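# Remarks on the overall topology
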Amino acid sequence: QVQLVESGGGLVQAGESLRLSCAVSGSIFSINAMNWYRQAPGKQRELVASITSGGSTNYADSVKGRFTISRDNAKNTVYLQMNSLKPEDTAVYYCNAYVRIGSIYDYWGQGTQVTVSS
C-alpha cells in the first residue's frame, strides 16, 4: 500500500511564505516524477510544479520565481517552498507521484489547504 502524506498548509498573509512537504511511504521500488497540483474553489485542478527523478523542474507561469519544488530521494519526499504568497494562491494543494512497484502507478495525497489573506 502506497501512501502520500502532505503537511505544511495553513493560513498566512500576503507576502509571507509556506513550505509544503509530501512523504511517500509503502513498498516502492522507485519514484519517477513528483508533482504539486492545486485546486481553488470553483476552478479546475492545475499543475503548479513538477520535478523528475533527476531533478529537472517545471513551473506554472503564475508561480515562476516565487515557488521552488525540490525532492529528497533518500526520504521519498517532495517539497514546495512558496514565497511571496498572493491571495490568488489560495487553494487545496495536492501532491502527486508516479511510483514504480513493478509497473508505474499514479498516486495522490489527500490535499492540504493553503489560505492567503490580503
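Just above, that's the structure.
Every value quoted in this text rests on a predicted model; they were computed, and no experiment measured them. (Residues numbered from 1 in each chain as written. Predicted model: local features only at pLDDT ≥ 70, side-chain atom pairs only at ≥ 80, totals over all residues. Heavy atoms only, no water.)

Among the structural elements, Arg66 can be located in the loop between strand 6 (57–59) and strand 7 (67–72). According to the relative accessible area criterion, Arg66 is buried, its value standing at 10%. (Helix = DSSP H or I, 4+ residues; strand = E, 2+ residues; numbered from the N terminus. Buried < 20%, exposed > 50% of the residue type's maximum accessible area, 1.4 Å probe, protein only.)

Scanning the model with the defined rule gives one aromatic pair in all. Plain terms: the ring middles of Tyr37 and Trp108 are 4.9 Å apart, the flat faces sit at 55 degrees to each other, and that makes the pair tilted. Linking Tyr37 in strand 4 (residues 30–39) with Trp108 in strand 10 (residues 103–108), this pair joins segments that are 71 residues apart in sequence. Residue class for Trp108 comes out partly exposed when judged on its relative accessible area of 34%. A cation over an aromatic ring shows up here: Arg45 above the ring of Tyr94, its NZ or CZ 3.8 Å from the ring centre. (Phe/Tyr/Trp six-rings, centres within 6.5 Å; stacked < 30°, edge-to-face > 60°. Lys NZ or Arg CZ within 6 Å of the ring centre and 35° of its normal.)

Val24, Trp36, Phe67, Val78, Leu80, Met82 and Tyr93 are the most contacted members of the largest nonpolar core, which totals 30 residues. Going through the elements one at a time, strand 3 (18–25), strand 4, strand 5 (46–51), strand 7, strand 8 (77–82), strand 9 (91–101) and strand 11 (112–117) are the ones with two or more residues in this core. Of the residues forming this core, the biggest block, five residues, is contributed by strand 9. Look past the residues within four positions of Phe67 in its chain and what remains in contact with it is Arg38, Val48, Tyr59, Leu80, Gln81, Met82, Asn83, Leu85, Asp89 and Tyr93. (Core = buried A, V, L, I, M, F, W, Y, C linked by side-chain atoms within 4.5 Å. Contact = heavy atoms within 4.5 Å.)

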